[in-house]
Amino acid sequence: MTHADVNKVNLLGLSKAGLTEYFTALGEKSWRAAQVLQWIHHQGVKDPALMTNLSKPLREKLQQHTEICAPEVMFEGESPDGTRKWVLRLADGNAIETVFIPEKTRGTLCVSSQAGCTLNCDFCSTGKQGFNRNLTAAEIIGQVWIAARSLSKENGLHDHAITNVVMMGMGEPLLNFDNVVAAMDIMLDDHAYGLSKRRVTLSTAGVVPALYALRKVSDVALAVSLHAPNDTLRNELVPLNRKYPLKELMQACRDHFKDEPRRYVTMEYVMLAGVNDTATHARELIRLLTEGEGVRAKVNLIPFNPFPGTTYTRSTPEAIAAFQQILMNAGINTIVRKTRGEKIDAACGQLVGQVKDKTRRSAKHQQKLAAIKVIESK
Ligand code: SAH
């Protein structure tokens, strides 16, 4: 079954806490939660009839009142570099994207948290397509479940290639707080995917109050989409900055791992030619990260990935290398993210799916694209 039945509880989206509550309400022992998590996320089982360590009456009850329902795979494709992309259709017709990036020593799954995005960052194609809604916890963890099934060998879902998850797909995870936290709990749970907290990364454009809430309930790794070293430029690139300016964001980053002195925040910085990539910007970035108490951070430079209608272009390799060197000379650990999956439009900022836009942004973007086509055809 791929379409959720509104009368049934979708067990796929319940973390151990959620399942425990569910089984306790049924008058069952709380350890049923761990057993069912294992069936769903280790074995990939969808039918409660197959959960042989549960009593027969319980299995029947589950069949009647619950379902294990993931989004439907509309497309699965592989880029020549091994990057895989899934386009998943949700029950209401929206479509989202999930990407797997294999490397020598790890395999990273990039997961979406919303159908579209409200933030409208100028250099991101997801932003241009508008926003429909938050994903449910089942739709978020369903992406991991589908990818793990597809990537596993014969021995069930625990035998998969996913070692890391990054919440860097479509959407702003901190604006879908509860569902993202529930899904990340399942990623970390030993009875489910058992990923280490250092290998699950939440990436945010900087929703400051939600960052403070996050540190109370989850200790996953944190990446912040910085992209600019001052408020004037950041207001333009990441409009959310007008609400939560750099001073507040840097304080939240400083506070985030205050009690864990060995952990640092990853600052993502998209490299846009002539916009944010000069030596002056690099020096300003050093000041931002080191002045006062400083922020324990490393920097991840992301070469811009173009998409139709954008006016930005990617910084040259020389500009990126020079920028990196300036930061490194100041003692800031800086790496350049390799661009992967371009052939299947699976690179950072290229994930679009099909979103039934509730804002008017995608219409405006389409008009702009049509105008560009007219000019090009002349
Ligand atoms: N909303 C979250 C999650 C998206 S993560 C956030 O902003 O962090 C995706 C990462 O890719 C972010 O750092 C985003 O800013 C970056 N990105 C977006 N568009 C891009 C593009 N066209 N090229 C390169 N990186 C891009």
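Rules used in this analysis
- Residues numbered from 1 in each chain as written.
- Predicted model: local features only at pLDDT ≥ 70, side-chain atom pairs only at ≥ 80, totals over all residues.
- Heavy atoms only, no water.
- Buried < 20%, exposed > 50% of the residue type's maximum accessible area, 1.4 Å probe, protein only.
- Helix = DSSP H or I, 4+ residues; strand = E, 2+ residues; numbered from the N terminus.
- Contact = heavy atoms within 4.5 Å.
- Near = heavy atom within 4 Å.
- Polar contact = N/O pair within 3.5 Å; in protein donor to acceptor, adjacent residues only side chain to side chain.
- Areas by Shrake-Rupley, 256 points an atom, 1.4 Å probe, with all protein chains shown as cover.
- Expected span 1.5 Å × (residues − 1).
- Arc of directions from axis to C-beta.

Visitor: Would you mind showing me how to read helix α2 (residues 32-42) here?
Guide: Residues separated by three or four positions in an α-helix point in the same direction, a consequence of the helix having 3.6 residues per turn. Burial analysis of α2 places 10 of its 11 residues in the buried class, the great majority of the element. Taken as a whole, α2 has its buried residues at R32, A33, A34, Q35, V36, L37, W39, I40, H41 and H42. In this fold, the buried residues of α2 make contact with α1 (16-25), α3 (56-65), α5 (137-151) and α6 (177-188). Just downstream of α2 lies G44, where phi reads positive at about 70°.

Visitor: Quick question: what am I supposed to make of unusual backbone geometry here?
Guide: Backbone geometry follows two general trends: most residues other than glycine have a negative phi, and most peptide bonds adopt the trans configuration. We note that N120 has phi near 60°; this positive angle belongs to a residue other than glycine. Mapped onto the elements of the fold, N120 is located in the loop between β7 (114-116) and α4 (125-128). Positioned with a positive phi, H227 is a non-glycine residue whose angle comes to about 70°. Secondary-structure assignment places H227 in the loop between β11 (221-225) and α8 (231-237).

Visitor: What is the right way to look at the site of the ligand in this model?
Guide: The ligand sits among 21 residues. The nearest are F123, S203, S225, H227 and N305. In the environment of the ligand, a nitrogen atom lies 2.9 Å from a nitrogen or oxygen atom belonging to the backbone of F123. N305 is positioned such that a nitrogen or oxygen atom in its backbone is 2.8 Å from a nitrogen atom of the ligand. Relative to its unbound accessible area of 540 Å², the ligand is 95% covered by the protein chains. Those elements that provide at least two residues to the shell around the ligand are β10 (200-204), β12 (265-271) and β13 (297-303).

Visitor: Sorry if this is basic, but what is going on with helix α11 (residues 317-329) here?
Guide: Between its terminal C-alpha atoms α11 stretches 18 Å, which fits the 18 Å expected from 13 residues at 1.5 Å a residue. Restricting attention to buried positions, one finds in α11 the residues A319, I320, F323 and L327. Down the axis of α11, the sector holding all buried residues measures 100°, keeping them to one side. Facing away from the buried side of α11 by over 90 degrees, the exposed positions are P317, E318 and N329. Buried positions along α11 lie against β12, α10 (279-290), β13 and β14 (334-336). Looking one or two places after α11, you find G331, whose phi comes out positive at around 85°.

Just distances and angles here, no functional claims.
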